[in-house]
Amino acid sequence: MTLREIQRLLDGRILTKTSNLDIELNSAFSSDMMSHVLAYANDKSILITALYNPQVLRTADLMGISCVIFIGKNKPEPEIVALANSLGITILQSPYSMYVTCGLLYSNGLKGTN
Amino acid sequence: MCDHQQCIHLTYNVSGDDFTTAGEASSNFKKKLMDLGVDRKTIRRVSISMYEGEINMVIHANGGVIDAYICTDHIDLILKDQGPGIPDIDKAMQVGYSTAPAQVQALGFGAGMGLPNIKNNTDDLSIETELGVGTTLRMRINLED
């Protein structure tokens, strides 16, 4: 599934300077515990989280995760967006809850990371 | 035994003052390994191990120093802090056991997976700890053939 398709499915807003919306992302992992991400996620996956802090982006960077979906309508701090830009990570904000966000992606074919 | 005389040596000071900067050392070391053309699987194992160790230093020990050695067939990481020490290493190695404060858990860490994650991603791990003196973690990750 491309980032463009994910954005459309979620009515999502991209907060970072991302030019390539055709990048392929083939699985997803959702958690607010970064050690779980470090233990179970793989690269090429999307990280879905309700946690907005620099460690989310550091974790994504170290795992080779190129796209993070932030849940909810709160705006992340500008420093968070700036860090994502500097690390080359796309932030997409989903207006839906965690459950609905994951459900929409899963039911449209984006598999989970075990 | 590797005496590190012929290895690339990098040192990172990890600040304990600011949780928001935790992970910078691991991020910088990952970039170095990528520049050197180290394979992806090894970089991933090194990144996870170093980052978990770095986070532990910030959470529990008010920072510390990481010495990273890139050698011909392995990478060694030595993480040294002057924190409170680990009272029970066996417990600390159990998945789910955590002494991290609630505010750290709210930031996404303290799930009791740090040391188990390190163990799972290293070929060798030794922990020297003394209460009131500090902790030294020595990790080795072998490079892929």
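In case you missed it, the structure is sitting above this.
Model, not experiment: these values are computed from the prediction. (Residues numbered from 1 in each chain as written. Chains lettered and ligands numbered in written order. Predicted model: local features only at pLDDT ≥ 70, side-chain atom pairs only at ≥ 80, totals over all residues. Heavy atoms only, no water.)

Take the sheet that holds strand E1 (residues 8-15) of chain B next. Residue and element names in this part refer to chain B. Taken in spatial order, the five strands of this open sheet run E1-E2-E3-E5-E4, and their pairing is antiparallel. For this open sheet the edge positions go to E1 and strand E4 (124-130), each flanked by a neighbour on one side alone. Each strand of the sheet is rotated relative to its neighbour by a mean of 10 degrees, with strand direction disregarded. Relative to E1, helix H1 (residues 24-35) is tilted by about 160 degrees, and along the sheet it contacts E1, strand E2 (63-70) and strand E3 (74-81). (Pairing = 2+ DSSP bridges. Helix = DSSP H or I, 4+ residues; strand = E, 2+ residues; numbered from the N terminus. Axes fitted to C-alpha atoms, helices over the stretch in contact; angles between N-to-C directions. Contact = heavy atoms within 4.5 Å.)

Here we come to the sheet that holds strand E2 (residues 27-30) of chain A. Residue and element names in this part refer to chain A. Taken in spatial order, the six strands of this open sheet run E1-E5-E4-E3-E2-E6, and their pairing is mixed. At either end of the open sheet lies a strand with only one pairing partner, and these are strand E1 (13-14) and strand E6 (111-112). Relative to strand E5 (residues 90-94), strand E4 (residues 67-71) is paired through five bridges, and the arrangement is parallel. Looking across to E5, one finds that Phe70 is bridged to Gln93. Taken strand by strand, helix H1 (residues 3-10) contacts E1, strand E3 (45-49), E4 and E5, and its axis lies near 20 degrees from that of E5. The sheet contacts of helix H3 (residues 54-63) involve E3, E4 and E5, and relative to E4 the element is tilted by about 150 degrees.

All names here are of chain B. Among the eight residues that make up E2, seven are buried, leaving the element largely enclosed by the rest of the structure. As paired strands, E1 and E2 are joined by eight bridges and run antiparallel to one another. Counterpart to Asn13 in the pairing with E2 is Val65. Pairing of E2 with E3, which is carried by six bridges, proceeds in the antiparallel orientation. Among the inter-strand pairings, Val65 is bridged to a residue of E3, identified as Lys80. (Buried < 20%, exposed > 50% of the residue type's maximum accessible area, 1.4 Å probe, protein only.)

As a further point, take the environment of A:Asn26. Checked against the element boundaries, A:Asn26 lands in the loop between E1 and E2. Considered as a pair, A:Asn26 and A:Met1 are 25 residues apart in the sequence and their alpha carbons are 6.1 Å apart.

Interaxial distance between H3(A) and H1(B) falls to 10 Å at its minimum, and their mutual angle equals 25 degrees. Judged by the inter-axis angle, H3(A) sits roughly parallel to H1(B). Relative to H1(B), H3(A) is oriented so that their crossing is left-handed. Taken together, the residues of H1(B) that come into contact with H3(A) (itself represented by A:Arg58, A:Asp61 and A:Leu62) are B:Glu24, B:Ser26, B:Ser27 and B:Lys30. In terms of residue class, the contact of H3(A) with H1(B) is made up of one nonpolar, two polar and four charged. (Parallel < 35°, antiparallel > 145°, perpendicular 65-115°, else oblique. Left-handed = near helix turned anticlockwise from the far one by under 90°. Nonpolar A, V, L, I, M, F, W, Y, C, P; charged D, E, K, R; others polar.)

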